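Inside the fold
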Amino acid sequence: MPQEIDLLGNILKYSALPISLIDPASDELRLTYVNRAFETTTGYRFDEALAAPCPLFTGASIDPMEVRKIRKARDECRSLRLILTNTHADGRVIECLTYVDPIFFGQETCLLLGVHFPLATAFSRTSEPAGDGILSGRQSELQQRDEQHDHLLDYAKQAMVRCLEMRRNTLCSRINLYLDRHKGVLPGDIPSSFLEPAPKASFVANELDA
């Protein structure tokens with residue numbers, strides 16, 4: 001799991017969108033990665049965001065019910081979209097349109113991608129409506145964020161699949177290279193020691209790590 005988290009983090013670290021990865025195995029709600037845009041949006045540095053308890057899910061402005069929704073979506077590995085009230089590192093209350101989406105790999109394993117869009121103050125749900133202009137402006141902002149999120153999620157899923165395939169193909173190529181390199185120097189019958197499962201596995205692993 002840590003390798004996949006690092007891989008997805010490297011894929012998304014230069015995105016201009018505030019991104020986090022949620023630990024799928026922790027008892028409490030914790031983040032395992034945030035990018036630079038997340039740090040800029042929330043004011044929390046990388047090490048602060050990953051600390052326990054996570055400041056994104058604690059504080060006086062946080063609605064415990066919303067946090068429980070995120071935890072439930074994490075535990076069930078399903079998508080979630082909600083407006084989450086957070087406290088910026090400087091103490092300001094901010095509202096983020098937050099998405100949680102599973103990215104599956106393998107049979108039963110998934111990573112949880114979080115995307116956090118700060119909402120414009122004029123359109124936040126805590127503002128007093130000032131007519132249809134404000135409401136339509138809010139709807140326009142939410143629609144724009146939905147489109148950005150969908151584009152990012154598609155990119156992340158496709159990039160993750162490609163990277164995992166490349167990693168598997170690279171490993172297979174190195175194994176084939178090892179076998180091709182050694183089959184020509186085996187005189188006649190393959191030595192019985194080469195056919196012994198444990199020594200063979202150890203020898204191949206050492207060769208590949210070299």
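Everything below is about the structure shown above.
This one's a predicted model, so the numbers in the text were calculated from it and none came from an experiment.

Rules used in this analysis
Residues numbered from 1 in each chain as written. Predicted model: local features only at pLDDT ≥ 70, side-chain atom pairs only at ≥ 80, totals over all residues. Heavy atoms only, no water. Helix = DSSP H or I, 4+ residues; strand = E, 2+ residues; numbered from the N terminus. Buried < 20%, exposed > 50% of the residue type's maximum accessible area, 1.4 Å probe, protein only. Core = buried A, V, L, I, M, F, W, Y, C linked by side-chain atoms within 4.5 Å. Contact = heavy atoms within 4.5 Å. Expected span 1.5 Å × (residues − 1). Arc of directions from axis to C-beta. Polar contact = N/O pair within 3.5 Å; in protein donor to acceptor, adjacent residues only side chain to side chain.

Some words on the environment of Gly137
Mapped onto the elements, Gly137 comes out in helix H5 (residues 132–183). Overall, Gly137 belongs to the buried group, its relative accessible area being 16%. In this structure the C-alpha to C-alpha distance between Gly137 and Ala120, which are 17 residues apart in sequence, comes to 9.8 Å.

Quick word on the nonpolar core
The nonpolar side chains of a soluble globular protein tend to be buried, and buried together. Membership of the largest hydrophobic core comes to 26 residues, with the highest contact counts inside it found for Leu8, Ile11, Leu12, Leu97, Ile103, Leu113 and Met160. Contributing elements (two or more residues each) for this core: helix H1 (2–12), strand E1 (19–22), strand E4 (93–105), strand E5 (109–118) and H5. For Leu12, the contacting residues outside a window of four places in its chain are Ile19, Tyr33, Asn35, Leu113, Leu152, Tyr155 and Ala156. Ranked by size, the runner-up nonpolar core spans 21 residues in total, among them Ile22, Leu31, Leu56 and Ala73.

Some points on helix H4 (residues 64–76)
Over its 13 residues, H4 extends 18 Å from the first C-alpha to the last, a length consistent with the 18 Å expected when each residue adds 1.5 Å. Within the sequence span of H4, burial applies to Glu66, Val67, Ile70, Ala73 and Arg74. Along the axis of H4, the buried residues cluster in a sector spanning 120°; they form a single face. The N-cap residue of H4 is Asp63: its side-chain oxygen and the backbone nitrogen of Met65 are 3.0 Å apart. Backbone geometry just after H4 places Cys77 at a positive phi near 55°.

Shape descriptors only; they carry no functional weight alone.
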